[in-house]
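# A look at the structure
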Amino acid sequence: MHERAALSLIDSWLPAAGDDGAVVDDLVISTDMLHESTDFPTGTTRYTAGWRSVGASLSDIAAMGVEATAAVAVYGSPSFEENALRDFIDGARAACDLCDAAYVGGDLDEHAEFTVATTAIGSGTSPVSRSGATPGETLCVTGTLGRSAAALELFEHDPESANSLFRFEPRVTTGQAIASHAGAMMDSSDGLARSLHQLADASGCGFDVDRDSLPIDERVYSTTTDASEAFEHAVHFGEDFELVFTTDDVGTVQTVASVPVTPIGTVTERGVTIDGEPLPDRGYSH
């Protein structure tokens, strides 16, 4: 079955699994798996792989609006080489350092394909879920959209720039700052459009996006001059790991956030639209 159908089944069996992280007492836990063939384009350094793998799980902690505590990783590879292992650990530590979290190790496994499974742990008494959006609130996003799509294009001829773009900052600090002002929140790892459909399902609401307000990363336009392709990269590609959230206090959020926050639409009663037209539920699939 498709990934979305499988996730819906799991959500019905395990209600705690429906948000970016599972909440156990005051702990928030999230886990991810990344593969060389689907997540690490040719030219991705082990340093970037360590950063991006751990960053993906830390992004889920950010989306819950809590403090990041620690992360671990399972490193699977056909062989173990000292330099590759060292670079991976250095990248994982660098991502954790951005969030004041500790990278505390994990496990090694011989595997036919380079594969990483990561888990991040956070803590907080009032995590933000996906289910609190209310019609009339403003829909916002942090940072810019399309960064990872631009990186994918650059790997073919400028791997150094591509690796730099792939090393995103998990929005843990910003997530904590805006948590008390957010109705609902999640990260955009599956793409903005798919994230909005997931938020709408969880909150029983809808969204209308203002296309002209979308903060498309300027580096997208260095890889394409086609406006439709740039829109596709920003809205449907995914893997940008920004925060998508609703709020009734945009001014305060923009003041307390450590990165730019852009209002991109409104919460409505039903449907996910852009400029009044349906926005397809299309995005990154694992």
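- Identification of the chain as Thiamine-monophosphate kinase from Halocatena salina is taken from an unreviewed UniProt entry.
- Quoted straight from UniProt, the Function (unreviewed entry) entry for the chain says "Catalyzes the ATP-dependent phosphorylation of thiamine-monophosphate (TMP) to form thiamine-pyrophosphate (TPP), the active form of vitamin B1."
- UniProt, in its Catalytic activity (unreviewed entry) section for the chain, records the words "thiamine phosphate + ATP = thiamine diphosphate + ADP".

## Section: the sheet that holds strand β8 (residues 206-209)
- If you walk across this open sheet you meet the 7 strands as β7-β9-β6-β10-β8-β11-β12, and the pairing is mixed. In this open sheet, the two edge strands, each paired with only one partner strand, are β7 (182-187) and β12 (277-278).
- The pairing of β8 with strand β10 (residues 261-268) spans 4 bridges and is classified as antiparallel. What sits directly across from Asp208, in β10, is Thr266.

## With respect to the pairing of β8
- One ladder, built from 3 bridges, connects β8 with strand β11 (residues 272-274); its direction is parallel. Bridge assignment links Val209 to a residue of β11, and that residue is Ile274.

## A closer look at the side chain of Asn163
- Secondary-structure assignment places Asn163 in helix α6 (residues 159-166).
- Residue Asn163 is classed as buried on the basis of its relative accessible area of 4%.
- Sequence-distant contacts of Asn163, that is, excluding residues within four places in its chain, are made with Gly43, Thr44, Thr45, Thr48 and Phe155.

## Side note on the pattern of salt bridges
- All chains considered together, the criterion is met by 7 salt bridges.
- In this structure, Glu239 and Arg52 form a salt bridge, with 3.7 Å as the shortest nitrogen-oxygen distance. Separated by 187 residues along the polypeptide, Glu239 in the loop between α9 (227-237) and β9 (243-247) and Arg52 in helix α3 (residues 46-63) bring together distant segments of the chain.
- Overall, the relative accessible area of 2% leaves Arg52 in the buried class.
- In this structure, Glu232 and Arg282 form a salt bridge, with 2.7 Å as the shortest nitrogen-oxygen distance.

Each value, and the rule that gives it
- Residues numbered from 1 in each chain as written.
- Predicted model: local features only at pLDDT ≥ 70, side-chain atom pairs only at ≥ 80, totals over all residues.
- Heavy atoms only, no water.
- UniProt positions renumbered as here; feature names shortened; annotations may be inferred.
- Pairing = 2+ DSSP bridges.
- Helix = DSSP H or I, 4+ residues; strand = E, 2+ residues; numbered from the N terminus.
- Buried < 20%, exposed > 50% of the residue type's maximum accessible area, 1.4 Å probe, protein only.
- Contact = heavy atoms within 4.5 Å.
- Salt bridge = Lys/Arg side-chain N within 4 Å of Asp/Glu carboxyl O.

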